[in-house]
Amino acid sequence: MINIVLPVDFGDKTEQLVDGAIKFAKQVNGKIFLIHVAPSDIGFAIGDMGFQYFPEVEENEIREELIQLNKIEQRILAHDVNCEHLLKQGIAKDIILEYAKVKHADFIVMGSHGRSGIYDVFVGSLTKGITKDSHVPVLVLPIHD
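What counts, and at which threshold
Residues numbered from 1 in each chain as written. Predicted model: local features only at pLDDT ≥ 70, side-chain atom pairs only at ≥ 80, totals over all residues. Heavy atoms only, no water. Helix = DSSP H or I, 4+ residues; strand = E, 2+ residues; numbered from the N terminus. Contact = heavy atoms within 4.5 Å. Areas by Shrake-Rupley, 256 points an atom, 1.4 Å probe, with all protein chains shown as cover. Core = buried A, V, L, I, M, F, W, Y, C linked by side-chain atoms within 4.5 Å. Buried < 20%, exposed > 50% of the residue type's maximum accessible area, 1.4 Å probe, protein only. Phe/Tyr/Trp six-rings, centres within 6.5 Å; stacked < 30°, edge-to-face > 60°.

On to the overall build of the protein chain, then. A tally of helices and strands in the protein chain yields five helices and seven strands. Its helices and strands in sequence order give the protein chain the pattern β-α-β-β-β-α-β-α-β-α-α-β, from N to C terminus. Considering only contacts in the protein chain between residues 6 or more positions apart, those separated by 24 or more positions represent 75%. Surface summary for the protein chain: the accessible area is close to 8,700 Å², and the carbon and sulfur share equals 54%.

Laid out in structure tokens, this is it:
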């Protein structure tokens, strides 16, 4: 069986990315290892008194993201593709690459929104970073309009 790591961000193109990963997994008899990396700073806010931490905000956000992740996993399983998921907090690139090692990934499937140039300079591209530093092939699916 081919191990496929599929990072998702719950953006408006997530369904398109998941559809592509399902299609690929079916073609190669693959298992999808679904991962979502939440930022470490959920629950922090800057106000008059400086940085403040609100654990209930973080708990609610993580709970909602886990619900979304479970829905995606159920959708993948409904297509007869084996799947498991993980939600972690931290630096997305590092966590995804480590997860790929732990799961002995044969591929990482990522999406490309088709943005380039000045956007990448200011925001950066997770797909670009993963592709640059990955020790396994990265399948980049075009998920732009």
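As a further point, take the nonpolar core. Membership of the largest hydrophobic core comes to 21 residues, with the highest contact counts inside it found for Leu6, Val8, Ile32, Leu34, Ile76 and Val109. Those elements giving two or more residues to this core turn out to be strand E1 (2–7), helix H1 (14–28), strand E2 (30–38), helix H2 (55–78) and strand E5 (83–89). Among the elements that make up this core, the one with the highest residue count is H1 (six residues). Contact partners of valine 109, with chain neighbours within four places excluded, come to Ile4, Val5, Leu6, Pro7, Leu17, Ala21, Phe24, Leu139 and Leu141. Formed by 13 residues, the second largest nonpolar core is a distinct cluster that contains Phe33, Ile96, Met110 and Ile130.

This part is about the packing of aromatic side chains. Scanning the entire structure with this criterion turns up two aromatic pairs. Ring geometry for phenylalanine 24 versus phenylalanine 107: centroids 5.1 Å apart, planes at 85 degrees, classification edge-to-face. Of this pair, phenylalanine 24 sits in helix H1 while phenylalanine 107 sits in strand E6 (residues 107–112), and the two are 83 residues apart along the sequence. Phenylalanine 24 gets classed as buried once you look at its relative accessible area, which sits at 13%. When the ring of phenylalanine 33 is compared with that of tyrosine 99, the centres are 6.4 Å apart and the planes differ by 80 degrees; the resulting orientation is edge-to-face. Here the residue phenylalanine 33 occupies a position in strand E2, and tyrosine 99 occupies one in helix H3 (residues 92–102), the gap between them amounting to 66 residues. Assigned by exposure class, phenylalanine 33 and tyrosine 99 land together as buried.

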